[in-house]
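Analysis of the macromolecular model
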Amino acid sequence: MDLSQALTYFKEQSKAISHAGIQPLETTFQDTLIVETGALSADRIYMIRDSAPENGDSGWTCTSVFFSGPSSLEDYVKAYTYQLRRFCEQAISILHFPVGTIAVFEKGRLIEAVGENNEKLL
């Protein structure tokens, strides 16, 4: 079993947590997040952590920046956090960030992450 990818993710998560100076929340690759279907192919997306992890739900939601709001439940899918590697791999580095975190990614690259009181985290 090759653990190199998992160790790379762990290293990036540890670096981000240390740089941001935050108390991490437990989040696993088996936890789920809510993804707006347009975010799967959008150049610019944002992620927001609305709640603490509970019962397998990470508390994260991911949408495209230009999303105008849901017109139906079909606009969203539930995904496992490990599936972020398919469309926004760098988002894995912030999975342990606290409730209230908002992060913006452009073409899969983290642009900015702010905390609950709009303080810059990364």
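Everything below is about the structure printed above this text.
Notes on the structure follow. This one's a predicted model, so the numbers in the text were calculated from it and none came from an experiment.

**A few points about unusual backbone geometry**
At lysine 107, a residue that is not glycine, the phi angle is positive and equals roughly 50°. In this fold, lysine 107 is placed in the loop between strand E5 (102-106) and strand E6 (109-114). Owing to a relative accessible area of 65%, lysine 107 belongs among the exposed residues under this scheme. Its identity as a non-glycine residue notwithstanding, asparagine 118 has a phi of 65°, on the positive side. Considering the arrangement of structural elements, one finds asparagine 118 in the segment after E6. Look at asparagine 118 and you get exposed, because its relative accessible area is 60%.

**Description of the pairing of E6**
On any regular strand, side chains alternate: one points to one face of the sheet, the next to the other face. When E5 meets E6, the two strands line up antiparallel, connected through five bridges. Note on E6: the bridge partner recorded for glutamate 106 is arginine 109. Between the end of E5 and the start of E6, which pair antiparallel, lie two residues, with lysine 107 showing a positive phi angle near 50°.

**A closer look at the side chain of glutamate 36**
As for its placement among the helices and strands, glutamate 36 is situated in strand E1 (residues 32-36). Despite its burial, glutamate 36 pairs with no opposite charge, the nearest such side chain being arginine 44 at 13 Å. Setting aside residues up to four positions removed in sequence, glutamate 36 forms contacts with Cys62, Thr63, Ser64, Phe67, Asp75 and Tyr76.

**Here we look at the sheet that holds strand E3 (residues 57-64)**
Ordered in space as E4-E1-E3-E2-E5-E6, the six strands form an open sheet in which the pairing is mixed. This sheet does not close on itself; its edge strands, each paired only once, are strand E4 (76-80) and E6. On average, each strand axis in the sheet is inclined to that of its neighbour by 25°, with strand direction left out of account. Here three bridges tie E1 to E3, and the two strands are oriented parallel to one another. Across the sheet, the residue bridging to valine 35 is cysteine 62, located in E3.

**Details of the packing of aromatic side chains**
Per the stated rule, a full pass over the model turns up two aromatic pairs. Between tyrosine 9 and phenylalanine 29, the aromatic rings sit 5.9 Å apart at their centres with planes inclined by 75°, giving edge-to-face as the arrangement. With tyrosine 9 in helix H1 (residues 4-20) and phenylalanine 29 in the loop between H1 and E1, this pair connects stretches of sequence that are 20 residues apart. Judged by relative accessible area, tyrosine 9 falls into the buried class, the value being 9%. Ring geometry for tyrosine 80 and tyrosine 82: centres 5.8 Å apart, planes at 15°, overall stacked. The class of tyrosine 80 is partly exposed, set by a relative accessible area of 37%.

Thresholds applied
- Residues numbered from 1 in each chain as written.
- Predicted model: local features only at pLDDT ≥ 70, side-chain atom pairs only at ≥ 80, totals over all residues.
- Heavy atoms only, no water.
- Helix = DSSP H or I, 4+ residues; strand = E, 2+ residues; numbered from the N terminus.
- Buried < 20%, exposed > 50% of the residue type's maximum accessible area, 1.4 Å probe, protein only.
- Pairing = 2+ DSSP bridges.
- Lys, Arg positive; Asp, Glu negative; His and termini not counted.
- Salt bridge = Lys/Arg side-chain N within 4 Å of Asp/Glu carboxyl O.
- Contact = heavy atoms within 4.5 Å.
- Axes fitted to C-alpha atoms, helices over the stretch in contact; angles between N-to-C directions.
- Phe/Tyr/Trp six-rings, centres within 6.5 Å; stacked < 30°, edge-to-face > 60°.

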